[in-house]
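Now for the letters of each chain:
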Amino acid sequence: MILLEQSRKIATTFVLIVVLMISTACGGNTLTQADRTTAPPVIGRDVTYSQLERGNTPSGESFGTWVVQTSKGLIKDAYVRDNNKLGIVISPQVRPNEVRPLAKSLAQGFRKNFPNQDLTILVYGPDKKLILTAKYDTQTNQIQYT
């Protein structure tokens with residue numbers, strides 16, 4: 001009987017740990033109405049690249065920071081605008097044939113954090129020139145690349 005109780009306690013502890021790990025990892029940012037209504041900052045032509053923020057909402061800034069931190073050096077910079085546009089600057093380590101899969105992967109993560117809206121992913125090369133635009137359509141669940 002004691003063995004059964006110990007096994008039950010161990011199993012319960014294990015399940016609790018797994019649930020906490022999954023909910024922490026998959027929880028992401030929650031989008032609030034305040035995030036949707038925050039006016040974007042005015043960016044004039046005299047603002048340099050290094051002065052731009054990671055996001056113009058708190059959840060956008062958090063997601064942009066997360067993208068850079070978890071990319072293991074593949075993404076040098078990221079920004080989120082209006083919770084539906086993600087721009088990234090890739091490092092020279094990213095090969096040309098890896099750009100589309102990277103954009104697709106980012107679209108999937110972006111969609112989980114900012115659901116129920118069309119999304120745009122802008123991929124810039126190391127020289128900060130636009131090399132790919134990926135547009136995710138919520139109705140068709142498809143990504144168009146240009």
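Now for the pattern of salt bridges. On inspection of all chains with the given rule, the structure shows two salt bridges. D77 is the salt-bridge partner of R54, the closest N and O atoms lying 3.0 Å from each other. One end of the pair, R54, is in the loop between α2 (33-37) and α3 (58-70); the other, D77, is in strand β1 (residues 75-81), with 23 residues separating them in the sequence. Taking relative accessible area as the criterion, R54 reaches 24% and is therefore assigned partly exposed. E98 is paired through a salt bridge with R95; the nearest N and O atoms lie 3.4 Å apart.

Looking now at the environment of K135. One can find K135 in strand β4 (residues 130-137). K135 sits in the partly exposed class, given a relative accessible area of 45%. Considered as a pair, K135 and A107 are 28 residues apart in the sequence and their alpha carbons are 8.4 Å apart. Those residues in contact with K135 that sit more than four places away from it in its chain are L119, T120, Q142, I143 and Q144.

Attention now goes to unusual backbone geometry. Here the phi dihedral of N83 falls at roughly 55°; this positive angle occurs in a residue that is not glycine. By secondary structure assignment, the location of N83 is in the loop between β1 and β2 (85-90). A positive phi angle, close to 60°, is found at N116, a residue other than glycine. By secondary structure assignment, the location of N116 is in the loop between α4 (99-113) and β3 (119-124). Assessed through its relative accessible area of 75%, N116 is described here as exposed.

Glancing now at the sheet that holds strand β5 (residues 142-145). Working definition: the strands of a sheet are paired by backbone hydrogen bonds and lie parallel or antiparallel to each other. Pairing is mixed across the open sheet formed by five strands, whose spatial order is β1-β2-β3-β4-β5. Among the strands making up the open sheet, the edge pair consists of β1 and β5. The mean angle between the axes of side-by-side strands here comes to 20°, regardless of whether they run parallel or antiparallel. Alignment of β3 against β4, held across six bridges, turns out to be antiparallel. By the bridge assignment for β4, V123 is matched with L132. Lying on the sheet, α3 is in contact with β1 and β2; it crosses β1 at an angle near 165°. This element, α4, spans β1, β2, β3, β4 and β5 of the sheet and lies at about 145° to β3.

Given a rise of 1.5 Å per residue, 13 residues ought to cover 18 Å, and the 18 Å separating the end C-alpha atoms of α3 matches this to within 8%. Burial in α3 covers these residues: S59, G60, F63, G64, V67 and V68. Just downstream of α3 lies K72, where phi reads positive at about 55°.

Calculation criteria
Residues numbered from 1 in each chain as written. Predicted model: local features only at pLDDT ≥ 70, side-chain atom pairs only at ≥ 80, totals over all residues. Heavy atoms only, no water. Salt bridge = Lys/Arg side-chain N within 4 Å of Asp/Glu carboxyl O. Helix = DSSP H or I, 4+ residues; strand = E, 2+ residues; numbered from the N terminus. Buried < 20%, exposed > 50% of the residue type's maximum accessible area, 1.4 Å probe, protein only. Contact = heavy atoms within 4.5 Å. Pairing = 2+ DSSP bridges. Axes fitted to C-alpha atoms, helices over the stretch in contact; angles between N-to-C directions. Expected span 1.5 Å × (residues − 1).

On their own, these measurements won't tell you what the molecule is for.
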